[in-house]
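A structural walkthrough
The primary structure of each chain is shown beneath.
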Amino acid sequence: MSTDPAARAATTPSPPAPYVRIERLTKRFGDFVAVRQVSLEIARGEIFCLLGGSGCGKTTLLRMLAGFETPTEGSIYIDGVDVTGVPPYERPVNMMFQSYALFPHMTVEQNVAFGLRQDGTPRAEIETRVEEMLSLVKLDGYAKRKPHQLSGGQRQRVALARALVKRPKLLLLDEPLGALDKKLREHTQFELVGLQERLGVTFVIVTHDQEEAMTLASRIGVMRAGEILQVGSPTDIYEYPNSRFVADFIGSVNLVEGKLVEDEPDHVRIDCPQLGGTVYVDHGVSSPPDAQLSVAIRPEKLQLARERPEQPDNVLAGTVTGIAYLGDATRYLVRLSTGFVLRVTMPNVYRREEQFEQGQPVWVHWHASAAVVVMR
Amino acid sequence: MNAATERLAVRLRGLGAARSQFGRACVILVPYLWLAVFFLVPFLIVLKIAFANIQLSMPPVEPVVTWTADKVLQLRLHFSNFSFVFGDDLYIAAFLNSLKVAGISTVLALLLGYPMAYGIARAPGAWRNVLFLLVVLPFFTSFLLRVYAWLGLLGRSGPINDLLLALGIVHEPLQLLQTDFAVYLGMVYSYLPFMVLPLYSAIEKLDLTLLEAAADLGCRPTKAFFTITLPLTKEGIFAGCLLVFIPAVGEYVIPALLGGPDTLMIGRVVWDEFFGNRDWPVASALAIVLLAILTGFVLLLQRVQSREEEA
């Protein structure tokens, strides 16, 4: 494996150069625009995740990378080579299909060897590489089985082995964990990341599951209606969403509308009628005064208290109207005097921690860094 | 009380199970009865006649089982019919020629039917139903009429010869009727739907992402057809070939109407023995041998198929 250039690249980290470059890519199906003017750069060895709801164009984008769809406009470069018009069977790209698409009339071994055989690899080399790959995905001993004799998790690993055995420059994964049950998913997520780190192959993953995206990806691109709204690390996307949609799509959030009333480089103050007060944020924003803004606050960044906390800003009075005990945390719904309901998540750090009760008057408060101002 | 009701429930469930089993048996019984009355009994009668001796009467065969005057139940089997069938080159030639004609017709129907079925299965939704209907449409007319129609089309002054003459491709009308060509044409034309239908259902079921996966792994479309599509539609190919081959071997009407006097096929020989010679025993013996040959073919194919599934 050490002779593999991709594997070497992983052990000696090089400065991230754009390995996959997507330039103003558009795909139209008749009148429908599935992908609109998408430009994107992905570095070598990255796990890039395209995240979005159904019909957002993420799968079309992936299929254009694989070569199954021809872009209406724009181009795709892989490792500096323009592959826009190259048919799928000549691209240095392999894909793991959502349905796995294993050949039902071939054994596990034949499935994995299929790609190598197309290239006319010598038989002895095929054998060793298939064997190597099967042991990498922990399927040694299953070589002679047919796909229908395997469990869902095993099939997923055969599909992965088949896609990886050709040592592609780019591996595309369409909802790789979608067909697995919850426990197996969690386990497989970490295995997948471990495998990627070992082989150094660049991954592009498509998923609608934000948890899957957060655990797998080094960077996430959030898509909606054919466009990429935000690209960033999972932390960036979660902590600094650039739009209402991203804030709302990833995780749970309290979104309130407001108007800028104090605009300083180091802090802003936003008047939010829904909250019946102002929100103090400890970072500046670049927006015209009087612009309509939204303030996003994650439920876990809000805190509840029985007594009014000693801080001048970001304190609101309310009543507990809903409680959901989840074990690791408790979710509260707190109704403010304006009628607006805030979602608050409190971690259960101590056993037998005193829980707040239904109908109890409480104070909601948060740190100046908790809120994020989004323009769109 | 509780235990008692439980026991009752178990008993009732048992009764229900027994009743549903009886119901299931009844459902199966009806088709089996049908098969027994309309297939097995006629077959046994033919089998009986094949072992009988010819006699001038109606029916023109001696009874196989007789009750003699001295109260003996007598079973007389004449094997001479079979030795006669195997002893005569004419019959052997007829069998071989039938297998040849049916085999070539099946291959031609497959070569023509596969692209047709593929085209229909891959056609856009609305078109698919129209094309499918077109394949089934000939069944709306009598088979015999359709074969007669070919008589008109292929005749010396039929539209095909007229067209060829008008285009100057030939200078005098071609002899199309009473040729092997006409027989093959009639066979392929008549049995093509039986090839297309099972092929269509097999191709239509094929998961297209498998072809994408093959392309993704570096397989060109032509090669993907032979390594993925063809093996995965094998069952349709087997079914279609059997549905064409079996009736084609025993076909009587097409060779009789379109074939020449030298088109020797077993269906025609059986007809001649039965109605021309009034030799029912030899005709029955021929039919039994034909049945044995075809059963052998089917069993062989099934063996091959099941062995491949195991592998």
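Predicted, not measured: the structure shown is a model, and the values here were computed from it.

1. Structural notes on the pairing of strand β3 (residues 47-51) of chain A
Residues and elements named next belong to chain A. Burial analysis of β3 places 5 of its 5 residues in the buried class, which makes it a mostly covered element. Burial of β3 is two-sided: the residues Ile47, Cys49 and Leu51 facing one way and the residues Phe48 and Leu50 facing the other way are all buried. Where β3 meets strand β8 (residues 202-207), 5 bridges bridge the pair, whose relative direction is parallel. Residue Ile47 lies in a different strand from β8, and its bridge partner there is Phe203. One ladder, built from 4 bridges, connects β3 with strand β9 (residues 219-224); its direction is parallel.

2. So, the layout of surface pockets
Picture a little ball the size of a water molecule; that probe, rolled over the atoms, points out where space is still empty. Considering only enclosed or pocket space, the largest pocket measures out at about 680 Å³ in volume. Taken together, 25 residues make up the lining of the largest pocket; nearest its centre are Pro104 and His105 of chain A together with Pro231, Leu232 and Glu235 of chain B. Contributing elements (two or more residues each) for the lining of the largest pocket: α7 (180-205), α9 (221-232), α10 (234-249) and α13 (280-310) of chain B. Here the element with the most residues in the lining of the largest pocket is α7 of chain B; it accounts for 4 residues. A class-by-class count of the residues in the lining of the largest pocket yields 10 nonpolar, 7 polar and 8 charged.

3. A word on the interface of chain B and chain A
Listed per partner, the contact involves 20 residues of chain B and 24 residues of chain A. Buried area between chain B and chain A, both sides added, is near 1,800 Å², and the carbon and sulfur share of it is 60%. For the pair chain B and chain A, the interface holds 2 salt bridges. The partner of Arg220 of chain B in a salt bridge is Glu90 of chain A, with the nearest N and O atoms 2.8 Å apart. Taken together, the connections running from chain B to chain A amount to 8 residue pairs in polar contact (both at pLDDT 80 or more). At the level of elements, α8 (208-216) and α9 of chain B are the ones that each hand at least two residues to the side of chain B that touches chain A. A total of 7 residues in the side of chain B that touches chain A trace back to one element, the largest contributor, which is α8 of chain B. Taken together, the residues of the side of chain B that touches chain A break down into 11 nonpolar, 3 polar and 6 charged.

4. A closer look at the pattern of salt bridges
Residue and element names in this part refer to chain A. For the coordinates displayed, the defined rule picks out 21 salt bridges over all chains. Salt-bridge contacts for Asp79 lead to Arg44; the nearest nitrogen and oxygen are separated by 4.0 Å. Within this pair, whereas Asp79 is found in the loop between β4 (73-78) and β5 (81-82), its partner Arg44 is found in the loop between β2 (32-43) and β3, the two being separated by 35 residues in sequence. For Glu109, the salt bridge identified is with Lys144, shortest N-O distance 2.8 Å. Of this pair, Glu109 sits in helix α3 (residues 108-118) while Lys144 sits in the loop between α4 (123-136) and α5 (152-164), and the two are 35 residues apart along the sequence. Residue Glu109 is classed as partly exposed on the basis of its relative accessible area of 29%. Each of the salt bridges in this network shares a partner with another, and the network as a whole consists of Arg44, Asp79 and Lys169.

5. Quick look at helix α2 (residues 58-66) of chain A
A large share of α2 of chain A lies buried, amounting to 8 of its 9 residues. Phi turns positive one or two residues past the end of α2 of chain A, at Gly67 of chain A, with a value near 100°.

6. Digging into the domain arrangement of chain A
Residue and element names in this part refer to chain A. Domain assignment breaks chain A into domain 1 (5-244) and domain 2 (253-374). Between the C-alpha centres of domain 1 and domain 2 the distance comes to 39 Å. Contact residues are listed per partner, giving 8 residues for domain 1 and 8 residues for domain 2. Summing the contributions of domain 1 and of domain 2, the shared interface buries around 710 Å²; its carbon and sulfur component is 49%. Taken together, the links from domain 1 to domain 2 amount to 2 salt bridges. Two residues, Glu257 and Arg244, come together in a salt bridge whose shortest N-O distance is 3.6 Å. Connecting domain 1 to domain 2 are 4 residue pairs in polar contact (both at pLDDT 80 or more). Among the elements that line the side of domain 1 that touches domain 2, the one with the most residues is helix α8 (residues 234-239), at 3 residues. Residue composition of the side of domain 1 that touches domain 2, by class: 4 nonpolar, 2 polar and 2 charged.

7. Quick look at the sheet that holds strand β10 (residues 227-232) of chain A
Residue and element names in this part refer to chain A. Pairing is mixed across the open sheet formed by 6 strands, whose spatial order is β6-β7-β8-β3-β9-β10. Edge positions in the sheet fall to β6 (93-96) and β10, since each has one partner strand and no second. Within this sheet the neighbouring strands show an average axis-to-axis angle of 20°, counted without direction. Where α5 meets the sheet, its contacts fall on β6 and β7 (170-174), and the angle it forms with β6 comes to roughly 175°.

Rules and cut-offs
- Residues numbered from 1 in each chain as written.
- Chains lettered and ligands numbered in written order.
- Predicted model: local features only at pLDDT ≥ 70, side-chain atom pairs only at ≥ 80, totals over all residues.
- Heavy atoms only, no water.
- Buried < 20%, exposed > 50% of the residue type's maximum accessible area, 1.4 Å probe, protein only.
- Helix = DSSP H or I, 4+ residues; strand = E, 2+ residues; numbered from the N terminus.
- Pairing = 2+ DSSP bridges.
- 1 Å grid on protein atoms, 1.4 Å probe; cavity = no way out; pocket = protein on both sides within 12 Å on 5 of 7 lines; lining within 4 Å.
- Points joined across faces, edges and corners; volume = space filled by probe spheres on them.
- Nonpolar A, V, L, I, M, F, W, Y, C, P; charged D, E, K, R; others polar.
- Contact = heavy atoms within 4.5 Å.
- Buried area = accessible area lost by both parts, 1.4 Å probe.
- Salt bridge = Lys/Arg side-chain N within 4 Å of Asp/Glu carboxyl O.
- Polar contact = N/O pair within 3.5 Å; in protein donor to acceptor, adjacent residues only side chain to side chain.
- Domains from an automatic or database assignment.
- Axes fitted to C-alpha atoms, helices over the stretch in contact; angles between N-to-C directions.

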